[in-house]
Amino acid sequence: MKFKEMIAKLWLGIKKLFVPSSYSAAVPSFIAIGFGILFGIFTMFIIWMLVITGVFTVDNDPQFFYGITLLLAGGFNQGMYSIGYTLYRAAPLILAGLAVGFAFRTGLFNIGAPGQMIVGATIAVYVGIRVSMPAPWHWMFALLCGMIAGGLWGFIVGALKALLNVHEVVASIMMNYVAMYSSFMFIKGNNLLDGNTSHTLGVRATAMIPYGTSAFFGGYVMNIGIILAIIAVIVIYIVLNKTTLGYQLKAVGFNKDASKYAGMNTKRNIMISMAISGILAGMGGAILFLVSGKYIFVTKDMMTAELMSVGFDGISVALLGLSNPVGALFAGLFLAYIRQGGYYLNLANYMAEMADVITAVIIYFSALSTALYALVKAKKLKFKSRTKSRKKIADEDAGGEV
Amino acid sequence: MKKALLALALALVSVFTLVACGEKTYEIAMVTDSGGIDDKSFNQGTWEGIKEYAIENDKSYKYYKPSEVSDAAYLAAIDLAVQGGAKIVITPGFLFETAIYAAQTTYPDVKFVLIDGEPHTADYSTYKTEENTLNVLFDEHEVGFFAGYALVYGGYTNLGFFGGMSVPAVQRFGIGWVAGAYYAADELDVALTFTADHYTYLGSFAPTPEAQTTATAWYNAGVSVIFAAAGGAGSSAMLAAEEGSNKWVVGVDKDQSGDSDAVITSALKGVGEAAIAALTDYYDGNWDGGRTISLGAAEGGVSLPADFSRFGANAAAVEAAYEAVFAKVVAGTIVVPTNDKASLAAFLTTLGVDNAALVAKAEPAPAE
Amino acid sequence: MNYVIEMLNICKSFGTLKANDDITFQLQKGEVHALVGENGAGKSTLMSILFGLYHPDSGVIKFQGEEVSIKNPNDANRLKIGMVHQHFKLVDVFTVTENIILGMEETKNGFLTKENSRNRIIELREQYKLFVDPDAYIKDITVGMQQRVEILKMLYRDADILIFDEPTAVLTPQEIDELMNTIRNFKNEGKSIVIITHKLAEVMAVADRCTVLRKGKCIGTVNVKDVNVDILAEMMVGRKISFDIDKKPARVSTELFRTEKLSLFNSEKNKFDVHDVSFSVRGGEIVGIAGIEGNGQTELVNIITGLKNLTSGNIYFKDEDITKKSIRNKLELGIGHIPEDRHKHGLVLDFNLSDNLILQSYYLPEFQKHGFLKKNEIFEHANDLIKRFDIRSGAGAVSRARSMSGGNQQKAIIAREISRNPELLIAVQPTRGLDIGAIEYIHEKILEERDNGKGVLLISLELDEIMNLSDRILVIYEGQLVAELDPKKTSFQEIGLYMSGSKKGVINHEV
Ligand SMILES: Nc1ncnc2c1ncn2[C@@H]1O[C@H](COP(=O)(O)OP(=O)(O)OP(=O)(O)O)[C@@H](O)[C@H]1O
Ligand SMILES: [Mg+2]
């Protein structure tokens, strides 16, 4: 089979995953979440059993029931404090998901969100360290620069696709690595490194995303990042649903041929769409790092763990949120919630990675969503008809007795 | 369905109150950094020390993994540890400096042991160590010295240095390594080759193909041993060494001989011992906080591993020489230069060595 | 009676719309049963229920006298029911064989084996004379062939009850004849056939019985022997239909549009798809292009409208060279285009009707202000067109285009193009899939455009349509114009000869 056909087939599949044809498709997302959590609990149970029966010995025995409550209580475990922390963690996830989902709505697979986040974060941190400005302007300016940097990074991918016909998946994967290494060079080249460690200096206090309501959330973490993310969700929702720009971007995404027929400039749309997607990802990166006590590490493993992974989480968030802005909001919140729950598993002597197991299972299941949904529906119908026929038999029996 | 929801809601509500009175408490707590307790390095070393002490003395112990790498997340994990009943919290690595700076005042009744760092504010403007905090640093220069000394005694006279990043602890390793090598060369009156080209800070603790290429090039240029004070990047040097014949790597932090057959010896930092010492003091009522202790050869904080078999025929001789020089350092007869190039230059001058280019490489101009 | 299938009192609603309202439909063994009715009458819905795609709200389906529940197409397959859909459900990037075996692939040691299936397909192909290349990709074959693939797909699954949803709408007259023969063959083998169509002549030609639906209700089932086309038409629409077009003489004005030596070279096939095509359209006339499918009509339209780049030649609109102009420019200059493939080019199926109706004009001040869409105006616009063009759908302006019946999708496109008030209307197969009432209406509209001084370029595979509407007829054969004919002076036979390449004429380029 020709390479082109293979790509086209693959694309068909991916497209089906992300942009379901019906909105009742949210159901599979919920089913997937349910399965994921059940699977997580099941795994925890197995671990517990293995320890209890002495197959494994560990330093501290896991506490199964306590663990379940911790896991499910997620971001509620420590009251307002952990709610605040969950919201803080959710903001970049939402933005990454929004970036991927937005691109998908317009027919593009932006797997380059990680790279866009990296450049967004790097430039924002640069402005946060090097530029001196009064308080509200400084962080806004840093954020804006991060957004522009992310947007440019996305735009490059869009331009490569539109003008040179390079598939965006290939281009953006490469741009992810270019982003990582050029970010290292940029940080070292501009002396942004903290001389005692392998990470950047802290950004100036004026460049930190304001804490706003942190007192209410009982801690030092909660900043207005979540509010910015929600604003982004609203803006993207409006752009997609209320503007001519969104109209044509969606048209191109749904049916490129018809858009071309209708006189839309599909190439320009691809570039615009990738740029907007990059802006969102860059914003996520900036919000992630314009925070007190948070630094960009110039090592590959730390960069991968701290920035790349959030970008890739964006794909999961978009998938779970059905590429819908509001969906991304809830999916991002959910992911942060369950991760926060995973963190509290520390207390019950389970590994926090349990949350990753759960999210992985959820993603797998929501990828299988359509099949799953059909299965569940068929089961339900079968069940109904079975009860019906049972009733019929019962009726007949009764009839026989009369 | 409704029932399930109700049950869930009840569970949520009950958990609000549950956390505060989590079922068990743990007196000794460790907060890991991003690596986790099986990182074959700092976290693992510290954790093994804690375990050893706790099991021997029947104390409850537990580690907490923060949700991300940030001061806030470290602080949150410390909070969790304290809520979990921690009386003493041990944190490995300088990344905890800012978090401990805050935590030590938030929890005056809890003891903190900060390994390899000193608490300060994020912008380094204020350093402060409260009574409840004990900082443990290591004399990396001393163990670097031992390694350089041992290798020259083992007959290896063309050396190189890989530093992960140009941070003080790594600089100390490198300066000690240079000093030890020249010291031995002077004693034995052999010629030592150590060009400035073969001394580098990689800029990363991660293994990369570039690092491996560099190592291979050095080995091809005649270098026989590279001291890889570079965390995971050391494995790149090991791969390069395995390809050559009679090419070696000196490991770092832990005994790395198990990682590769090319590891001839390792520059050990006794993080586990440090944890044990701090715990012993605390439980014996001898807590003496509010200060920084430096664990050097004299305190048993740094050393080479006992096994010298990879020196081959010279093993016994090298071991004897090492023990002799170890005693001299402990006794203070030899004062190993630390992490400033001036003291290294002075040290070399006393040996009649002039290698200004190398000295300049050892402590590059700091950032900014 | 010996019924293979009985659908009794079937009801199915989409929202408030009753697509099927208490319909009873009975299929005898070995008969050809036509199902007719206006666009949106519920024909596809009824057959989709039989095929397990929809579940009826109420009603009973019996298979050979026994009640069955058909929950999905797999159940239908088990009952040997097969369906060729109105819009084919083939995967473009799969081969013919892959499409046919999709869902019942044979495997050997866990690997797909296509050899047996391929042989089986070739056998079926020979048996029923359904010629297709089993290894061709769907995207490379003609619509007619795609339909054969769909038919083979049913046969491959041993279907005994064959449902054809508007099979002839996309076929050439020759292909239609072949299909009719195929259907007769099936019948002779004892298979039972349901055929949905808007062409009553076809009903008369192959069907034994005919069921008529109107607005979701069943009007009745008749024996075809006992009725004629007019009676059927009246049953369908509820009024008398005149098949004759009332056509005033053309009032031709000046030249509006001209092409000079348009060529498109196909490097894959190493031949010209369109070769040196020169013609013009004047205001107030309808120029029809007749030809057998695949002779370059599609490509010609694509290069005129700008969907494809031409190899050489020039296009003039009102004496202005528009060869290099963007599609949007051309649209703005006043060119309208009813595309051949309504799903590929005509509609964004996942948009709702109102959004589809502004596809080319969403950015005009009429529908946007400062970049924000004026939702109210857009809805008003939609509702106006829905009323004027009688576009029927479940939820009116907010119906998703995908959920609309095929004929109504077509009406939406025509409404959009005509309402843009273009000076030149390029209409490709404008009445494909429309019911007779709607065809009558659309034809009136096209004539109205012409009478208002607009130019119309009509491309159709249906000679009737070309003959009835055109003022001048051009015949295309292998990418070249081979004749220009006056509809009043020519005959079907003559056009046919040109179309098949048996006769070649000279064209006077200077009109
Ligand atoms: N999935 C759906 N959701 C909502 N409405 C639908 C759906 N499918 C069909 N309809 C509506 O039901 C009505 C009947 O549609 P159907 O496709 O059965 O018509 P039809 O008789 O096949 O017409 P045509 O000749 O135009 O194909 C139409 O008004 C259509 O808009
Ligand atoms: Mg239909």
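Everything below is about the structure printed above this text.
Residues numbered from 1 in each chain as written. Chains lettered and ligands numbered in written order. Predicted model: local features only at pLDDT ≥ 70, side-chain atom pairs only at ≥ 80, totals over all residues. Heavy atoms only, no water.

Caption draft 1: Broad picture of the overall build of chain A. The helix and strand inventory of chain A stands at 15 helices and zero strands. Taking all 402 residues of chain A together, 58% fall into the buried category. Within chain A, contacts between residues separated by at least 24 positions form 77% of all contacts whose residues are at least 6 apart in sequence. A total accessible area of about 16400 Å² is found for chain A, and carbon and sulfur atoms account for 72% of it. (Helix = DSSP H or I, 4+ residues; strand = E, 2+ residues; numbered from the N terminus. Buried < 20%, exposed > 50% of the residue type's maximum accessible area, 1.4 Å probe, protein only. Contact = heavy atoms within 4.5 Å. Areas by Shrake-Rupley, 256 points an atom, 1.4 Å probe, with all protein chains shown as cover.)

Caption draft 2: Summary view of the arrangement of the chains. With two pairs of chains in contact, the largest contact count belongs to chains A and B. Regarding chain B and chain C, the two do not touch, and the least distance separating their C-alpha atoms is 26 Å.

Caption draft 3: A look at the side chain of B:Glu140. Residue and element names in this part refer to chain B. Among the structural elements, Glu 140 can be located in helix H5 (residues 140-153). In this structure the side chain of Glu 140 is engaged in a polar contact, spanning 2.7 Å, whose partner is the side chain of Arg 172. A distance of 2.6 Å separates the side chain of Glu 140 from the side chain of Lys 269, its partner in a polar contact. The contacts of Glu 140, once residues within four sequence positions are left out, are Asp 116, Ala 169, Arg 172, Phe 173 and Lys 269. (Polar contact = N/O pair within 3.5 Å; in protein donor to acceptor, adjacent residues only side chain to side chain.)

Caption draft 4: A look at the coordination of the magnesium ion (ligand 2). Residues and elements named next belong to chain C. For the magnesium ion (ligand 2), every protein donor is listed as Ser 44 (OG) and Gln 86 (OE1), and the spread of their distances is 2.0 to 2.3 Å. Pair noted here: Ser 44 is in helix H1 (residues 43-50) and Gln 86 is in the loop between strand S6 (81-84) and helix H3 (96-101), with a separation of 42 residues, a long-range link. For Ser 44, a relative accessible area of 23% corresponds to the partly exposed category. (Donors = N, O, S within 2.8 Å, 3.2 Å for Na, K, Ca; no water.)

Caption draft 5: View of the site of ligand 1. All names here are of chain C. By nearness alone, 23 residues border ligand 1, and Gly 40, Ser 44, Thr 45, Ser 405 and Gly 407 come closest of all. Side-chain polar atom of Gln 86 to an oxygen atom of ligand 1: 3.0 Å apart, as the coordinates give it. Here ligand 1 has 640 Å² of accessible area as a free molecule, and 89% of this is covered by the chains. Tallied by class, the residues present in the shell around ligand 1 amount to six nonpolar, 14 polar and three charged. When residues of the shell around ligand 1 are assigned to domains, at least three map to each of domain 1 (3-237) and domain 3 (346-420). (Near = heavy atom within 4 Å. Nonpolar A, V, L, I, M, F, W, Y, C, P; charged D, E, K, R; others polar. Domains from an automatic or database assignment.)

Caption draft 6: Looking closely at the sheet that holds strand S3 (residues 88-92) of chain B. All names here are of chain B. Here six strands make up an open sheet; going across it, the order is S2-S1-S3-S4-S5-S11 and the pairing parallel. Looking at the sheet topology across the chains shown, the edges are occupied by strand S2 (61-64) and strand S11 (291-295). Neighbour-to-neighbour, the strand axes of this sheet turn through a mean angle of 20°, independent of strand direction. Where strand S1 (residues 28-31) and S3 come together, three bridges link them in parallel fashion. The residue of S3 that forms the bridge with Ala 29 is Val 89. Helix-sheet contacts for helix H4 (residues 97-106) involve S3, strand S4 (111-115) and strand S5 (133-138), and the interaxial angle to S4 is about 165°. (Pairing = 2+ DSSP bridges. Axes fitted to C-alpha atoms, helices over the stretch in contact; angles between N-to-C directions.)

Caption draft 7: Focus on the sheet that holds strand S8 (residues 225-229) of chain B. Residue and element names in this part refer to chain B. If you walk across this open sheet you meet the six strands as S7-S6-S8-S9-S10-S12, and the pairing is mixed. Looking at the sheet topology across the chains shown, the edges are occupied by strand S7 (199-201) and strand S12 (302-303). Of the pairings in the sheet, the one linking strand S6 (residues 159-163) to S7 comprises three bridges and is parallel in character. Residue pairing in the sheet places Gly 163 in a bridge with Tyr 201 of S7. Along the sheet face, helix H7 (residues 209-220) touches S6, S7, S8 and strand S9 (248-253) and points at about 170° away from the line of S6.

Caption draft 8: Molecular detail of empty space enclosed by the protein. Summed over the entire model, instances satisfying the criterion amount to five cavities of 30 Å³ or more. Roughly 120 Å³ of internal volume is contained in the largest cavity. Around the largest cavity sit 17 residues that line it, and A:His199, A:Tyr295, B:Asp71, B:Leu95 and B:Thr98 are the ones nearest its centre. The set of elements that each furnish at least two residues to the lining of the largest cavity consists of helix H3 (71-83) and H4 of chain B. Looking at the lining of the largest cavity residue by residue, the class counts come to eight nonpolar, six polar and three charged. In this structure, the second largest cavity occupies an estimated 80 Å³ of space. In terms of lining residues, the second largest cavity is bounded by A:Tyr261, C:Thr305, C:Leu307, C:Ile327, C:Lys330, C:Leu331, C:Ile335, C:His337 and C:Gln360. Here the element with the most residues in the lining of the second largest cavity is helix H10 (residues 327-333) of chain C; it accounts for three residues. Looking at side-chain class alone, the lining of the second largest cavity contains five nonpolar, three polar and one charged residues. (1 Å grid on protein atoms, 1.4 Å probe; cavity = no way out; pocket = protein on both sides within 12 Å on 5 of 7 lines; lining within 4 Å. Points joined across faces, edges and corners; volume = space filled by probe spheres on them.)

Caption draft 9: Quick peek at the nonpolar core. Counting 222 residues, the largest nonpolar core has B:Phe145, B:Phe161 and B:Trp177 as the members making the most contacts within it. The element that contributes the greatest number of residues to this core is helix H4 (residues 79-105) of chain A, accounting for 17 residues. One finds C:Val149, C:Met180, C:Leu232 and C:Ala233 within the second-largest nonpolar core, a separate group that totals 50 residues. (Core = buried A, V, L, I, M, F, W, Y, C linked by side-chain atoms within 4.5 Å.)

Caption draft 10: Main features of the packing of aromatic side chains. Following the criterion strictly, the structure yields 47 aromatic pairs over all chains and no others. A centroid spacing of 5.5 Å and a plane angle of 55° characterise the contact between B:Phe145 and B:Tyr183, whose relative ring orientation is tilted. Of the two residues, B:Phe145 sits in helix H5 while B:Tyr183 sits in helix H6 (residues 168-188), which places them 38 residues apart along the sequence. In terms of burial, B:Phe145 and B:Tyr183 fall into one category: buried. Note on C:Phe389 and C:Tyr441: the rings are 5.9 Å apart at their centroids and 90° apart in plane angle, and the pair reads as edge-to-face. Taken together, the residues C:Phe389 in helix H13 (residues 375-389) and C:Tyr441 in helix H15 (residues 436-451) connect sequence positions 52 residues apart. For C:Tyr441, a relative accessible area of 25% translates into the label partly exposed. Linked through ring pairs, B:Phe145, B:Phe146, B:Tyr149, B:Tyr153, B:Tyr183, B:Phe308, B:Phe311, B:Tyr322, B:Phe326 and B:Phe347 together constitute an aromatic cluster. Note that B:Lys62 overlies the ring of B:Tyr26, its terminal NZ or CZ placed 5.4 Å from the centroid. The side chain of C:Lys445 reaches across the aromatic face of C:Phe389, ending 5.3 Å from its centre. (Phe/Tyr/Trp six-rings, centres within 6.5 Å; stacked < 30°, edge-to-face > 60°. Lys NZ or Arg CZ within 6 Å of the ring centre and 35° of its normal.)

Caption draft 11: Representation of the environment of A:Ala171 within the structure. Residue and element names in this part refer to chain A. Counting through the fold element by element, Ala 171 comes out in helix H7 (residues 168-189). For Ala 171, a relative accessible area of 2% translates into the label buried. Each C-alpha atom, one on Ala 171 and one on Asp 59, is 47 Å from the other, the two residues being 112 residues apart in sequence. Each residue touching Ala 171, except ones within four places of it in the same chain, is listed here: Val 157, Leu 160 and Val 166.

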